[in-house]
Amino acid sequence: MPRILIVEDEEIIRSAVRKLLTHAGYDVADAGSVEEAEDSHDPAQFDLIISDLRLPGAPGTELIRRAPDTPVLIMTSYASLRSAVDSMKMGAVEYIAKPFDHDEMLEAVENILARQPQAASAGEERTDRGTASDPDSDPAAIMFGHCEAMQKVFTLIRKVAPTETTVLIQGESGTGKELAARALHLMSPRAARPLISVNCAAIPESLIESELFGHEKGSFTGAVSARTGLIEAADGGSLFLDEIGELPAEAQARLLRVLQEGEIRKVGSTQSRQVDVRMIAATHRNLKAMTRTGEFREDLFYRLNVMQVRIPPLRERQADILGLAQRFLKRQGEKMGKPDLNLTPEAMRALERHRWPGNVRELENAIERATILCDNDLITPSLLDLDGEGGDVNIPESLVEGNNEQNLSREAESTSDLSLEDYFQHFVLENQDRMSETELAQKLGISRKSLWERRQRLGIPRKKSSGN
């Protein structure tokens, strides 16, 4: 049983992560600071350390120095991209931005342990795991699909993953392009190195070059110190550029040089340096059509489009719909303490008839919503609400109106029993009347786009406009 040490000074988060990982079968210990971790435990005897970046006394990255043979996963809510770069440069194997849900954390932990040497027990000699042949790295273990279209996707990923070929993943929003990128990385010889994921649409255009390529001190207003870019942070590993069609023209030219010459130049620098990065890009847009309108560089398109992986939309995966629904239902049922939920025959037919414009993400959201609202063991079509009109479900007025006072006053359990989703929901509901969307996102360490997506997924309404 892998041993994991959680170092986090916020009791709510520490307790939630501890319970999540314990339930998943890991041997978990925790501490509130680096010093407490060393006083109460020996960090070097753990198989993985999960630490907040900002801690009282010493930062979480200090554990990288004090336990150099133990992989460290950094949690951060402070400008996650910049903090991630610094953490990866110091030796963190991966980072995760707060707030995160159960699945994000479990996937991160599983991926790290799969590609790291794993101790049979504390103090024993470690044995190698996480090679390209590891069955847990197979796309069929990461993604779900029994239909012929998805089997072809899995076959293509298995063939291209061991190579150094640049891959362009195409597919509609919500089809699972990031999962395909993760499978490509974990099945490659680079699996033991970082996979850095960047959502090009979530970074302001004025910052995208600095974030990707880094900058020198004084190169622009606010550049008070030199920064390493995300491409350099991925050196030796893989870089996943999601929504690459949103990349500005100047950044496209710089990225082309990385692909052609294998080198980067920081903003404000006259010196270039070599990098060894496997590039994986994804988009829901037609890049070929964008080259004809001048929105996307044609030479960059052909550099990226060496090997193309197309993820089919859910409407083309009819045979997978019920299997995916059952998978999500099992996951959500276990998470919410409702393990005996089942779909009625009418609900199954409704799922199969729906066109799923939001693809797999829409299906997962529908199942999560139905699980929350279900008062017995049967999921009906009205609970799924596939027409988006609320069906005949009586949703509490406090949720519809955004009035959270009644909800927050019901403290049947202590805050230490809150899940990560509850922590996010309570923070947003408690602060949205006195903070703007931008301020909320900054406090949570995520982009406004991510805040909006999490609101949608968790069914948290936005505050009503004051009319100003």
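Residues numbered from 1 in each chain as written. Predicted model: local features only at pLDDT ≥ 70, side-chain atom pairs only at ≥ 80, totals over all residues. Heavy atoms only, no water.

### Let's talk about the confidence of the model for the chain
Here's step 1: Residue-level pLDDT values for the chain average 81, and 81% of them are 70 or greater.
Here's step 2: Scored below 50 in pLDDT, residues 118-135 shows 33 contacts in the model against residues more than four places distant or in partner chains.
Here's step 3: Across residues 391-419, confidence stays below pLDDT 50; counting only partners more than four residues off in sequence or on other chains, it has 32 contacts. (pLDDT = per-residue confidence, 0-100. Contact = heavy atoms within 4.5 Å.)

### Re the side chain of Ser-238
Here's step 1: By the secondary structure assignment, Ser-238 is in strand β12 (residues 238-242).
Here's step 2: In this structure Ser-238 comes out as buried when scored by relative accessible area, which is 0%.
Here's step 3: Apart from the residues lying within four places of it in its own chain, the contact partners of Ser-238 are His-185, Arg-190, Pro-194, Leu-195, Ile-196, Val-277, Arg-278 and Ile-280. (Helix = DSSP H or I, 4+ residues; strand = E, 2+ residues; numbered from the N terminus. Buried < 20%, exposed > 50% of the residue type's maximum accessible area, 1.4 Å probe, protein only.)

### Let's talk about unusual backbone geometry
Here's step 1: If you check the backbone angles, Glu-243 has positive phi at about 55° while not being a glycine.
Here's step 2: Residue placement: Glu-243 occurs in the loop between β12 and α11 (249-261).
Here's step 3: Accessibility expressed as a relative area gives 11% for Glu-243, which makes it buried.
Here's step 4: Phi at Trp-356 is positive, roughly 55°, even though this residue is not glycine.

### A short note on the nonpolar core
Here's step 1: In this structure, Ile-231, Leu-239, Leu-241, Ile-244 and Leu-255 are the most contacted members of the largest nonpolar core, which totals 34 residues.
Here's step 2: For this core, the secondary-structure elements that each account for two or more residues are β9 (195-199), α9 (208-213), α10 (230-233), β12, α11, β15 (278-283), α12 (287-293) and α13 (298-304).
Here's step 3: Counting residues per element, this core draws most heavily on α11, at five residues.
Here's step 4: Look past the residues within four positions of Ile-231 in its chain and what remains in contact with it is Leu-212, Phe-213, Leu-239, Leu-255, Val-258, Ile-264, Val-275 and Val-277.
Here's step 5: By size, the runner-up hydrophobic cluster in this structure holds 24 residues, among which are Phe-144, Val-360, Ala-366 and Ala-370. (Core = buried A, V, L, I, M, F, W, Y, C linked by side-chain atoms within 4.5 Å.)

### Focus on the sheet that holds strand β5 (residues 94-97)
Here's step 1: Ordered in space as β2-β1-β3-β4-β5, the five strands form an open sheet in which the pairing is parallel. The outermost strands of the open sheet, each flanked by one partner alone, are β2 (27-31) and β5. The sheet shows a mean angle of 20° between the axes of neighbouring strands, taken without regard to direction.
Here's step 2: Both strand β1 (residues 3-7) and strand β3 (residues 48-52) contribute to a ladder of four bridges, which runs parallel. (Pairing = 2+ DSSP bridges. Axes fitted to C-alpha atoms, helices over the stretch in contact; angles between N-to-C directions.)

### Focus on helix α15 (residues 345-353)
Here's step 1: Listed in full, the buried residues belonging to α15 are Ala-347, Ala-350 and Leu-351. Down the axis of α15, the smallest arc covering the buried residues is 100°, so these residues share one side.
Here's step 2: Tucked into the core, α15 has its buried residues touching α14 (321-335), β17 (342-343), α16 (359-373), β18 (378-379) and α17 (381-384). (Arc of directions from axis to C-beta.)

### Re helix α1 (residues 11-23)
Quick reminder: α-helices carry 3.6 residues per turn. Residues three or four places apart thus point the same way.
Here's step 1: Counted at 1.5 Å a residue, the expected span for α1 with its 13 residues is 18 Å, and the 18 Å between its end C-alpha atoms agrees.
Here's step 2: All of the buried residues along α1 are Ile-13, Arg-14, Ser-15, Ala-16, Val-17, Leu-20 and Leu-21.
Here's step 3: Gly-25 sits one or two residues past α1 and shows a positive phi near 100°. (Expected span 1.5 Å × (residues − 1).)

### Digging into the pattern of salt bridges
Here's step 1: In total, this model carries 26 salt bridges according to the counting rule given.
Here's step 2: We note a salt bridge from Glu-11 to Arg-14, for which the minimum N-O separation is 2.5 Å. Separated by three residues within a single helix, Glu-11 and Arg-14 lie in helix α1, roughly one turn from each other.
Here's step 3: Its relative accessible area of 34% is what places Glu-11 among the partly exposed residues.
Here's step 4: One salt bridge in this structure joins Arg-257 and Glu-263, with 2.6 Å as the shortest N-O distance.
Here's step 5: Using a relative accessible area of 40% as the deciding quantity, one classes Arg-257 as partly exposed.
Here's step 6: For Glu-263, a relative accessible area of 14% translates into the label buried.
Here's step 7: What emerges from the salt-bridge pattern is a single network uniting Glu-35, Glu-38, Glu-62, Arg-65 and Arg-66. (Salt bridge = Lys/Arg side-chain N within 4 Å of Asp/Glu carboxyl O.)

### Topic: the pairing of β12
Here's step 1: Of all five residues that make up β12, five are buried, and the element is covered over most of its length.
Here's step 2: Every second residue of β12 is oriented toward a common face, with Ser-238, Phe-240 and Asp-242 on one face and Leu-239 and Leu-241 on the other, all of them buried.
Here's step 3: Examined bridge by bridge, β9 and β12 share five bridges and lie parallel to one another. Directly across from Ile-196, in β12, lies its bridge partner Leu-239.
Here's step 4: As judged from the four bridges shared by β12 and β15, these two strands associate in the parallel manner. For Phe-240, the partnering residue across the bridge sits in β15 and is Ile-280.

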